[in-house]
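Inside the fold
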Amino acid sequence: MTPPPSPDSDPTSALTLRVLTSIHEVPEAAWDALLTERSSPFVEWQWLACLEDSGSVGEHTGWLPRPFALYEGERLVAAAPAYVKLHSEGEFVFDWSWADVAAQLGVPYYPKLVFAVPFTPATGDRVLVDPALPAPRRAELIAAVAGAAARLCADLELSSAHALFVRDDEAGAFGRAGYAERHGIQFHWKNQGFTTFEDFLSTLPSKKRTQVRRERAQLARDGVELRTARPDELTPGLAREMHALYLTTVDKFVYGRRYLTVRFFELVAERFAGRLAWALARRDGELIASAFNVKRGGVLYGRYWGTHVDLPFLHFNVCFYHGIEEAIREGLHTFEPGAGGEHKRLRGFRPTLTRSMHRVREPQLARLSEPFLARERSAIARHLAEDAAR
């Protein structure tokens, strides 16, 4: 069973929560008015609409859009991209082991409710709140949405509610609403006021500097030109080429999935060009590799990489070094190249804590998950402390 679109009044206030069936049920201007300078591009109305309009999310994909809209009278004061999930794919906060334990207990784990941006392991607002409101009121509204989600799960027999890649302040609000906190690690690059790539290299040990210089020099040896696409180059033809490159990666691995349709690439090239920073690698004029980068609010986000050829260090140049160069050139403060990858640390990226929040209805499953989360948080804290001490 999935959440209905009918209103649900909060008896403790003048707030009305509406669980919708599409982002199109909220006007674009009203949704985006809730964004702040620190909001990621992936919670913008157009990005979410492109996912829906392209068929990348929907009932046939196991991602059923159920955006939350919180109104005070007729004014939208908070909203959240939310989905009813029929599986655990495309989330990047892996809970398959929880589903296995639920099966052993004889309780269903799916469907569940997820506050997230599909296929996007990037930290950002999971509950968008009117930025004009004072911080205490904003926290109250986040907690109100979190609490309403838990009640909705109980009413509709959804197993659990999850908020993935939340910001620190959101984690506190979800925690006060009874959600358990889970930690993870990604590797991010931080701009320390660098003006050139060599400035950045000077912060690395000598051996690493030599290694990075050698890897960067490989592009010229292989005759590869690497640059960022201009907005006027984001044509439907280039979008289709980028999708074909995306498929080279997802089709390579047994766990890979074709989450995004070619129509999604065409739509973002048309509607979202001002945020895109696609890295294009060409040899003899032919596009051979790419990285699907997006930027907003001083942050460059690395998403999907692909290549038609196997060249030494091409991945590092397209996905890491070019992004660092762009961040330095444009004065961006952070480059998040995506999930995973201890190899990123060797190239100047530092481990960074990520948070997610979880509320499980079944009492025994919730009790079993608590010590697991505690051990995981402790191990990650030790890892970060050891890294900081190096």
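What counts and how
Residues numbered from 1 in each chain as written. Predicted model: local features only at pLDDT ≥ 70, side-chain atom pairs only at ≥ 80, totals over all residues. Heavy atoms only, no water. Salt bridge = Lys/Arg side-chain N within 4 Å of Asp/Glu carboxyl O. Buried < 20%, exposed > 50% of the residue type's maximum accessible area, 1.4 Å probe, protein only. Helix = DSSP H or I, 4+ residues; strand = E, 2+ residues; numbered from the N terminus. Contact = heavy atoms within 4.5 Å. Axes fitted to C-alpha atoms, helices over the stretch in contact; angles between N-to-C directions. Parallel < 35°, antiparallel > 145°, perpendicular 65-115°, else oblique. Left-handed = near helix turned anticlockwise from the far one by under 90°. Phe/Tyr/Trp six-rings, centres within 6.5 Å; stacked < 30°, edge-to-face > 60°. Pairing = 2+ DSSP bridges. Nonpolar A, V, L, I, M, F, W, Y, C, P; charged D, E, K, R; others polar.

**Let's talk about the pattern of salt bridges**
Overall, the coordinates contain 32 salt bridges when judged by the stated rule. Across the pair Glu-233 and Arg-230 runs a salt bridge, and its minimum N-O distance is 3.8 Å. Among the residues examined, Glu-233 registers a relative accessible area of 16% and is labelled buried. Looking at Arg-230, the relative accessible area reads 44%, which means it is partly exposed.

**Regarding the environment of Phe-174**
Position of Phe-174 among the secondary structure elements: in helix α5 (residues 168-176). In sequence terms Phe-174 and Ala-139 are 35 residues apart; their C-alpha atoms lie 9.1 Å from each other. Excluding its chain neighbours within four sequence positions, the residues that come into contact with Phe-174 are Phe-115, Val-127, Ile-142, Ala-146, Ala-163, Tyr-179 and Met-357.

**Quick word on the packing of helix α2 (residues 45-53) against helix α9 (residues 262-271)**
Running from amino to carboxyl end, α2 crosses α9 at an angle of 150°, the nearest separation of the two axes being 9 Å. One way to sum up the angle between α2 and α9 is to call them roughly antiparallel. Judged by the twist between their axes, the crossing of α2 over α9 is right-handed. Mapping the contact onto sequence places Gln-46, Trp-47, Ala-49, Cys-50, Leu-51 and Asp-53 in α2 and Phe-264, Leu-267, Val-268 and Arg-271 in α9.

**Notes on the packing of aromatic side chains**
A complete count under the given rule lists 29 aromatic pairs for this structure. Relative to Phe-292, the ring of Phe-265 lies with its centre 5.4 Å away and its plane at 80°, an arrangement referred to as edge-to-face. Remark: Phe-292 occurs in strand β13 (residues 286-296) and Phe-265 occurs in helix α9; sequence separation between them is 27 residues. Residue Phe-265 shares its accessibility class with Phe-292, and that shared class is buried. Between Phe-292 and Tyr-304 the ring centres are 5.4 Å apart and the planes differ by 85°, which places this aromatic pair in the edge-to-face class.

**Comments concerning the pairing of strand β5 (residues 75-80)**
By the criterion of burial, β5 is predominantly enclosed, with five of the six residues buried. Inspection of the sheet shows strand β4 (residues 68-72) paired to β5 by five bridges, in the antiparallel sense. Paired with Phe-68 across the two strands is Ala-80, which belongs to β5. Here β4 folds back onto β5, and the loop between the two strands holds two residues, one of which, Gly-73, carries a positive phi near 70°. As judged from the two bridges shared by β5 and strand β8 (residues 128-129), these two strands associate in the antiparallel manner. When the sheet's bridge partners are listed, Ala-79 is paired in β8 with Leu-128.

**Some details on the packing of helix α7 (residues 206-221) against helix α10 (residues 314-330)**
Packed helix pairs are characterised by how far apart their axes lie and by the angle those axes make with each other. Between α7 and α10, the least distance of the axes is 10 Å, while the angle of their chain directions is 105°. In this view, α7 runs roughly perpendicular relative to α10, as classed from their interaxial angle. Residue-level inspection shows Val-212, Glu-215, Arg-216 and Leu-219 of α7 in contact with α10, the latter providing Leu-314, Phe-316, Asn-317, Tyr-321 and Glu-325. The class makeup of the residues in the contact of α7 with α10 is five nonpolar, one polar and three charged.

**Section: the pairing of strand β10 (residues 180-190)**
By the bridge criterion, nine bridges tie β10 to strand β16 (residues 350-360) in an arrangement that is antiparallel. Paired with Gly-184 across the bridge in β16 is Thr-354. Alignment of β10 against strand β15 (residues 334-336), held across two bridges, turns out to be antiparallel. The residue bridging Trp-189 from the neighbouring strand is Phe-335, located in β15.

**Examining the sheet that holds strand β11 (residues 224-228)**
Spatial strand order, β3-β6-β7-β9-β16-β10-β15-β14-β13-β12-β11: 11 strands in an open sheet with mixed pairing. At either margin of the open sheet sits one strand with a lone partner, and together these are β3 (63-65) and β11. Here the average twist between neighbouring strands, direction ignored, is 30°. Pairing of strand β6 (residues 82-85) with strand β7 (residues 112-115), which is carried by four bridges, proceeds in the antiparallel orientation. Its bridge partner lying in β7, Tyr-83 is registered against Val-114. Strand contacts of helix α11 (residues 363-389): β10 and β16, with the helix running at about 30° to β10, the strand carrying the most contacts.

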